[in-house]
Amino acid sequence: MNHDRTAIELVKSNKQVSITVIVFTVMVIAYFFPASDFNLFLPDFLVKYRIAWPLLTLTIAGTFLIPWPVTLAMLFSFAGDFMGAYGSFIGQMTCFAIAHSMFIYHFSVRFKSSSNFSSEKMKIASKEDAERFNDLRLKRIATFCISGSIAAVFLGVAISFVLPSIPAGVLRTGSGIYSGLICIMLATALLQSDIVYGLGALLFLISDMILGWNKFVSPIEYNSVLIMIPYYSGQLLIWLRASVDNARRLSSEEA
């Protein structure tokens, strides 16, 4: 497998990835059908918790196809979906907080390992090399600033509009911590300068913002669709991009 192949080519060439996407898509579509359509031929347990099965699919397949921090993020996302269907908002929020922590770890390690800004990785032997290093360093600073600013905007919205509507106490404190974590997750995703990771994280955050607004501020029409489609899409994009990272790592090891 050529290291320089595009992400799309890497995904298309892997049958396991393609099968995972198909199964995931079928599970997502099934979620949007009324429970009554399944109650006649499926156990109540499978029907009640069908919201969680798409992420279980990504978790199981991820064990073999993506880096372990992202697999753990998918696992805790599955647990969060399960707790949400069970009716425990605190449990749901806790599981997703752990999932975001795993994403943050993966994005941070990836950014550090793939960065070409370190002077140890660049041989500065001339004035041109020094200027190139300075340009890269400035781009890095700009990336930090832009990523942090975008995340700060979303955090500001959460603090200004959503958190004040949450009952004071453990729930508001936990929601504040969670809001900070998901915004950090977005910032670290944007640091990758990769549109797939960035879009996936952004969709995940938008889904959570709509969820919080609908639950604590004001009901939103078609909230299930507006929450779950960005959520599932964001998770799948992150999973697919992580599978490309893993394929490229294996390709490098084989070369």
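Below or above, wherever it landed, is the structure these notes cover. (Residues numbered from 1 in each chain as written. Predicted model: local features only at pLDDT ≥ 70, side-chain atom pairs only at ≥ 80, totals over all residues. Heavy atoms only, no water.)

### What to know about the overall build of the protein chain
Stage number 1. The helix and strand tally for the protein chain stands at 10 helices and zero strands.
Stage number 2. Traced from its N-terminal end to its C-terminal end, the protein chain shows the element sequence α-α-α-α-α-α-α-α-α-α.
Stage number 3. Counting all 255 residues of the protein chain, 41% fall into the buried class.
Stage number 4. Summing over all exposed atoms, the protein chain offers an accessible surface of approximately 13700 Å²; the carbon and sulfur share of this is 67%. (Helix = DSSP H or I, 4+ residues; strand = E, 2+ residues; numbered from the N terminus. Buried < 20%, exposed > 50% of the residue type's maximum accessible area, 1.4 Å probe, protein only. Areas by Shrake-Rupley, 256 points an atom, 1.4 Å probe, with all protein chains shown as cover.)

### With respect to helix H9 (residues 195–217)
Structurally, the α-helix is built with 3.6 residues per turn, so residues lying three or four positions apart point the same way.
Stage number 1. Taking 1.5 Å as the rise per residue, H9 with 23 residues should run 33 Å; its terminal C-alpha atoms sit 31 Å apart, in good agreement.
Stage number 2. Taken as a whole, H9 has its buried residues at Tyr197, Gly198, Gly200, Ala201, Leu203, Phe204, Leu205, Ser207, Asp208, Ile210, Gly212 and Phe216.
Stage number 3. Between the side-chain oxygen of the N-cap and the backbone nitrogen of valine 196 there are 3.0 Å, and the N-cap of H9 in question is aspartate 194. (Expected span 1.5 Å × (residues − 1). Polar contact = N/O pair within 3.5 Å; in protein donor to acceptor, adjacent residues only side chain to side chain.)

### Some words on the environment of alanine 142
Stage number 1. Within the element layout of this structure, alanine 142 appears in helix H7 (residues 127–162).
Stage number 2. With a relative accessible area of 35%, alanine 142 lands in the partly exposed category.
Stage number 3. Remark: the alpha-carbon pair of alanine 142 and leucine 191, spanning 49 residues in sequence, is separated by 9.9 Å.

### Regarding a nonpolar patch on the surface
Stage number 1. A contiguous nonpolar surface patch, about 460 Å² in accessible area, is contributed by Phe32, Tyr222, Val225, Leu226 and Ile229.
Stage number 2. Along the chain, the position of leucine 226 falls in helix H10 (residues 223–254).
Stage number 3. For leucine 226, a relative accessible area of 37% gives the class partly exposed. (Patch = residues over 30% accessible without salt bridge, like charges linked within 9 Å, V, L, I, M, F, W, Y side chains within 5 Å. Salt bridge = Lys/Arg side-chain N within 4 Å of Asp/Glu carboxyl O.)

### Brief notes about the packing of helix H8 (residues 170–190) against H9
Stage number 1. Here H8 crosses H9 at 160°, and the two axes come no closer than 8 Å. Considering their axes alone, H8 and H9 lie roughly antiparallel with respect to each other. The handedness of the crossing between H8 and H9 comes out as left-handed. On the side of H8, the interface is formed by Leu171, Tyr178, Ile182, Cys183, Met185, Leu186, Ala189 and Leu190, while H9 contributes Tyr197, Gly198, Ala201, Leu202, Phe204, Leu205, Asp208 and Phe216.
Stage number 2. Residue classes in the contact of H8 with H9 are distributed as 14 nonpolar, one polar and one charged. (Axes fitted to C-alpha atoms, helices over the stretch in contact; angles between N-to-C directions. Parallel < 35°, antiparallel > 145°, perpendicular 65-115°, else oblique. Left-handed = near helix turned anticlockwise from the far one by under 90°. Contact = heavy atoms within 4.5 Å. Nonpolar A, V, L, I, M, F, W, Y, C, P; charged D, E, K, R; others polar.)

### Description of unusual backbone geometry
Stage number 1. Look at serine 193: it is not a glycine, yet its phi comes out positive at around 55°.
Stage number 2. Along the chain, serine 193 falls in the loop between H8 and H9.
Stage number 3. Residue classification places serine 193 among the exposed positions, given a relative accessible area of 61%.
Stage number 4. Phi is positive for tyrosine 222, which is not a glycine, with a value near 60°.
Stage number 5. By the element assignment, tyrosine 222 lies in the loop between H9 and H10.
Stage number 6. Residue class for tyrosine 222 comes out exposed when judged on its relative accessible area of 61%.

### Concerning the layout of surface pockets
If a probe as big as a water molecule is rolled over the atoms, it shows which places are left empty.
Stage number 1. In this structure, the largest pocket spans a volume of roughly 680 Å³.
Stage number 2. Elements represented by at least two residues in the lining of the largest pocket include exactly helix H3 (44–48), helix H5 (68–86), helix H6 (89–114), H7, H8, H9 and H10.
Stage number 3. For the lining of the largest pocket, the leading source of residues is H9, giving nine residues.
Stage number 4. When the residues that make up the lining of the largest pocket are grouped by side-chain class, the tally is 22 nonpolar, 11 polar and five charged.
Stage number 5. The space that makes up the second largest pocket amounts to roughly 360 Å³. (1 Å grid on protein atoms, 1.4 Å probe; cavity = no way out; pocket = protein on both sides within 12 Å on 5 of 7 lines; lining within 4 Å. Points joined across faces, edges and corners; volume = space filled by probe spheres on them.)

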